[in-house]
Amino acid sequence: MALRIEHSVPLSTLSTFRMGGVAKEVVTIFSEDDLVTLFGLLKTDRKWFVLGGGSNVIFPDVDCDALIIRVGIEAITVDESDTGTVVTAGAGASWDALVAFTVTAGLSGLEALSAIPGSVGATPIQNVGAYGCEVKDTIVSVRAFDTVQKEFVEFSNTECQFAYRDSVFKHVANRYIITAVSYKLTKEKPKSPQYPGVSEYFEKRGIAEPDLYDIRSAIIAIRGTKLPDPAHIASVGSFFKNPIIEKSQAELLKEKYPTLAVFPVSDSLSKVGAGSLIDTMGWKGKSFGSISIYPHNALVLVNEGGATKTELQKVVDAITFTVKEKYGIELSVEPEFVSEELLT
Ligand code: EPU
């Protein structure tokens, strides 16, 4: 299939937070050859920006001269060998369609990451994670087009430099375009996620040894109570990362504020639930103009319609400031804020 070019596309229709100006041109590529053709034609000074499912980006409300590139490569292949099963998915495949496919195929490794919106290509960038599982646990390699050398390269798991919601791809912006990701999965019995809420879900239903379908159903049900469906409510899921702080500081905070969610990370570090920090300030369900805090989860900001970047930034600053003032903890935002400079 040849590349597809669309003109004058509102970025609000391509991002789940539904903010942004109008993109002059959006091009969708359907094969690696398309990408080579595109970069052969593209003027060297033309700015470009790769957009996946749009479920973790915040666009500024300015019109966009940069070329928006979407990767429409969706094929899923399975490679069985003596060392295991590797599933490779095109970057444009829907993440949850891939998870559903692996569950149906009896392959374990991705089931705890069910119902996460977005595309496969975005998963290594921010090392997507949920319910005690991160994509770094299964990714064997990431294939990408190096727009500088004009060649395809493979990153091994180690070369991806994965960390909590982080990878090398966040630090070399606008060089690599991910085209496919390979995950190593297993046919062994799945391990039930050791995460608050999940074991309770199975206990309640008398499921002693959950299979892949049970785990997927549990995660879909649990996520549904805490995270809005992007088809109906404009959000990007968690808006802040969970801060990692010194264990001693976490213990002092927990003594003073017993409802804070604090989890061990290592002998000296603890993770604090950013949602619980915002929740204990009593902000759940509050509205600030067009931005509100989701009534079921204080970590989720909602665009009630027509929110501007300035309005959003004010709410983000107010949350960050008050959390810092009350708890001495610096919050950092989780979605990618696209700068005006990148787009204009
Ligand atoms: N909590 C509150 N009040 C709230 C929200 C949360 O007290 O308003 C408490 C919860 O009761 C729980 C703790 O905070 O004790 C953690 O909450 P939860 O289990 O919902 O997870 P989270 O830390 O808020 C993270 C990921 C999610 C992922 C879930 C499940 C980040 C930034 N977020 O959220 O990922 O789905 O764990 O594993 O790490 C995303 O990245 O967009 C995302 C949704």
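Below is a summary of the structure that appears in this document.

**Description of the nonpolar core**
Then, number 1: By size, the foremost hydrophobic cluster in this structure holds 52 residues, and its most contacted members are Phe39, Trp95 and Tyr183.
Then, number 2: Mapped onto the domain boundaries, this core takes at least three residues apiece from domain 1 (4–72) and domain 2 (76–185).
Then, number 3: With residues up to four places along the chain from it excluded, the contact list for Trp95 reads Leu110, Leu113, Ile116, Gly118, Ser119, Val120, Thr123, Val135 and Tyr183.
Then, number 4: Formed by 31 residues, the second largest nonpolar core is a distinct cluster that contains Ile58, Ile245, Ala298 and Ala307.

**Overview of the packing of helix H3 (residues 198–205) against helix H4 (residues 212–226)**
For any two helices packed against each other, one specifies the crossing angle of their axes together with the interaxial distance.
Then, number 1: One way to put it is that H3 packs onto H4 with a least axis distance of 10 Å and a crossing angle of 115°. With respect to their mutual orientation, H3 and H4 come out roughly perpendicular. Note that H3 runs across H4; the crossing there is right-handed. Residues Val198, Tyr201 and Phe202 of H3 pack against Asp214, Ile215, Ser217, Ala218, Ile219, Ala221 and Ile222 of H4.

**Regarding the pattern of salt bridges**
Then, number 1: Under the counting rule described, the total for this entry stands at 14 salt bridges.
Then, number 2: Between Glu80 and Lys187 there is a salt bridge whose closest N-O contact spans 3.0 Å. With Glu80 in strand S6 (residues 76–81) and Lys187 in the loop between strand S12 (176–185) and H3, the pair connects residues that are 107 residues apart, well separated along the chain.
Then, number 3: Overall, Glu80 belongs to the partly exposed group, its relative accessible area being 46%.
Then, number 4: The class for Lys187 is exposed, based on a relative accessible area of 55%.
Then, number 5: The partner of Asp96 in a salt bridge is Arg216, and the shortest N-O contact between them spans 2.9 Å. Taken together, the residues span a long stretch of sequence, with Asp96 in helix H2 (residues 95–104) and Arg216 in helix H4 at a distance of 120 residues.
Then, number 6: Looking at Asp96, the relative accessible area reads 22%, which means it is partly exposed.
Then, number 7: Beyond isolated ion pairs, a larger network of salt bridges with shared partners links Glu32, Arg143 and Glu154.

**Section: the pairing of strand S11 (residues 151–156)**
Then, number 1: In this structure, strand S10 (residues 139–146) lies alongside S11, joined through six bridges in antiparallel fashion. Looking across to S11, one finds that Asp146 is bridged to Glu151.
Then, number 2: The antiparallel hairpin formed by S10 and S11 contains four residues in its connecting segment, where Lys150 sits at a positive phi of about 55°.

**With respect to the sheet that holds strand S15 (residues 269–272)**
Then, number 1: Ordered by their spatial adjacency, three strands build an open sheet running S13-S15-S14, and the pairing between neighbours is antiparallel. Because the sheet does not close on itself, it has two edges, and the strands there are strand S13 (244–246) and strand S14 (262–264). On average, each strand axis in the sheet is inclined to that of its neighbour by 40°, with strand direction left out of account.
Then, number 2: Sheet contacts for helix H5 (residues 247–256): S13, S14 and S15; angle to S13, the most-contacted strand, approximately 90°.

**Some thoughts on the packing of H2 against H4**
Then, number 1: Here H2 crosses H4 at 150°, and the two axes come no closer than 9 Å. Classified by the angle between their axes, H2 and H4 sit roughly antiparallel to one another. For the pair H2 and H4, the sense of crossing is left-handed. Here Asp96, Val99, Ala100, Val103 and Thr104 of H2 come into contact with H4, specifically with Leu212, Tyr213 and Arg216.
Then, number 2: Of the residues in the contact of H2 with H4, the class split is five nonpolar, one polar and two charged.

**Points about unusual backbone geometry**
Then, number 1: Within the chain, Asn127 stands out as a residue other than glycine whose phi angle is a positive 45°.
Then, number 2: On the secondary structure map, Asn127 appears in the loop between H2 and strand S8 (129–130).
Then, number 3: Notably, Gln161 is not glycine yet its phi reads approximately 50°, a positive angle.
Then, number 4: Structurally, the position occupied by Gln161 is in the loop between S11 and S12.

**Observations concerning helix H1 (residues 32–41)**
Then, number 1: Every buried residue belonging to H1 is among Asp34, Leu35, Leu38 and Phe39, and all of these are buried. An end-on view of H1 places all buried positions within 125° of arc, on one side of the element. Facing away from the buried surface of H1 by more than 90 degrees, the exposed residues are Asp33, Gly40 and Leu41.
Then, number 2: Those residues of H1 that are buried lie in contact with strand S2 (22–29), strand S3 (48–50), strand S5 (67–71), S10, S11 and S12.

Procedures and definitions
Residues numbered from 1 in each chain as written. Predicted model: local features only at pLDDT ≥ 70, side-chain atom pairs only at ≥ 80, totals over all residues. Heavy atoms only, no water. Core = buried A, V, L, I, M, F, W, Y, C linked by side-chain atoms within 4.5 Å. Buried < 20%, exposed > 50% of the residue type's maximum accessible area, 1.4 Å probe, protein only. Domains from an automatic or database assignment. Contact = heavy atoms within 4.5 Å. Axes fitted to C-alpha atoms, helices over the stretch in contact; angles between N-to-C directions. Helix = DSSP H or I, 4+ residues; strand = E, 2+ residues; numbered from the N terminus. Parallel < 35°, antiparallel > 145°, perpendicular 65-115°, else oblique. Left-handed = near helix turned anticlockwise from the far one by under 90°. Salt bridge = Lys/Arg side-chain N within 4 Å of Asp/Glu carboxyl O. Pairing = 2+ DSSP bridges. Nonpolar A, V, L, I, M, F, W, Y, C, P; charged D, E, K, R; others polar. Arc of directions from axis to C-beta.

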